[in-house]
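Okay, here's what each chain looks like letter by letter:
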Amino acid sequence: GNSVTQMEGPVTLSEEAFLTINCTYTATGYPSLFWYVQYPGEGLQLLLKATKADDKGSNKGFEATYRKETTSFHLEKGSVQVSDSAVYFCALKSSASKIIFGSGTRLSIRP
Amino acid sequence: DAGITQSPRHKVTETGTPVTLRCHQTENHRYMYWYRQDPGHGLRLIHYSYGVKDTDKGEVSDGYSVSRSKTEDFLLTLESATSSQTSVYFCAIRGDYGGGTEAFFGQGTRLTVV
């Protein structure tokens, strides 16, 4: 079946550090891939997406590249800010239109 | 903000009682989803709908049922609530505009079963 595995948190970084959150997936066919972010007390909101192999999604300085050969969609940001502190979820949409999420990674940024 | 409303936002109920959570949308989107969020598990899909009266099970559907009698409403029912169903429940909606169409989430319902 379809599944998403992402690195466990929490991840704590200093402001301006480089961020990587790993995400790998298992799926049949060609899923669409997403990163969602959840700020405290809120629902999830889309951060970025990619719909086919080698596509790069980007938004607010975050980037992720759809790597079919390694079934990965790692999230990166060159210089994090305190305001990036949140929980990040990797997700895929299967051919059956189910949306499956990873377990989430809590990110904390120290000033 | 996407037009999606969950009700109630908070509920405390007793073990063994039935509970219904409502998700209402004003976007006329085809797809609607119910998830539960628990520490260490992320979001797990309970049920989803791909049209009026068309629903399918997700990863953790045992103990839950759903109904969608009109496009705008998707109801999640716990037939007989148990303490293991204490969780935060999120509804999501998604249009039918291709594989990359994003899902929009409600604000969540915090359910406590005592």
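In this text, all values refer to a predicted model and were calculated from it rather than measured experimentally.

Conventions and cut-offs
Residues numbered from 1 in each chain as written. Chains lettered and ligands numbered in written order. Predicted model: local features only at pLDDT ≥ 70, side-chain atom pairs only at ≥ 80, totals over all residues. Heavy atoms only, no water. Contact = heavy atoms within 4.5 Å. Buried area = accessible area lost by both parts, 1.4 Å probe. Salt bridge = Lys/Arg side-chain N within 4 Å of Asp/Glu carboxyl O. Polar contact = N/O pair within 3.5 Å; in protein donor to acceptor, adjacent residues only side chain to side chain. Helix = DSSP H or I, 4+ residues; strand = E, 2+ residues; numbered from the N terminus. Buried < 20%, exposed > 50% of the residue type's maximum accessible area, 1.4 Å probe, protein only.

J.: Could you give an account of the interface of chain A and chain B, naming the residues involved and the relevant values?
T.: On the chain B side, the residues contacting the 21 residues of chain A number 22 residues. When the two sides are added together, the surface that chain A and chain B hide from each other amounts to roughly 1700 Å², 56% of it contributed by carbon and sulfur. Inspection of the region where chain A meets chain B yields zero salt bridges. If you look at where chain A meets chain B, you find eight residue pairs in polar contact (both at pLDDT 80 or more).

J.: Which residues make up the side chain of Thr-77 of chain B, and what are the values?
T.: Residues and elements named next belong to chain B. Mapped onto the fold, Thr-77 is located in strand 8 (residues 73-78). Since its relative accessible area comes to 17%, Thr-77 is described here as buried. Within the local environment of Thr-77, its side chain forms a polar contact with the side chain of Thr-20, the two groups lying 3.1 Å apart. When near neighbours in sequence (up to four residues on either side) are disregarded, Thr-77 contacts Val-19, Thr-20, Gly-63, Tyr-64 and Ser-65.

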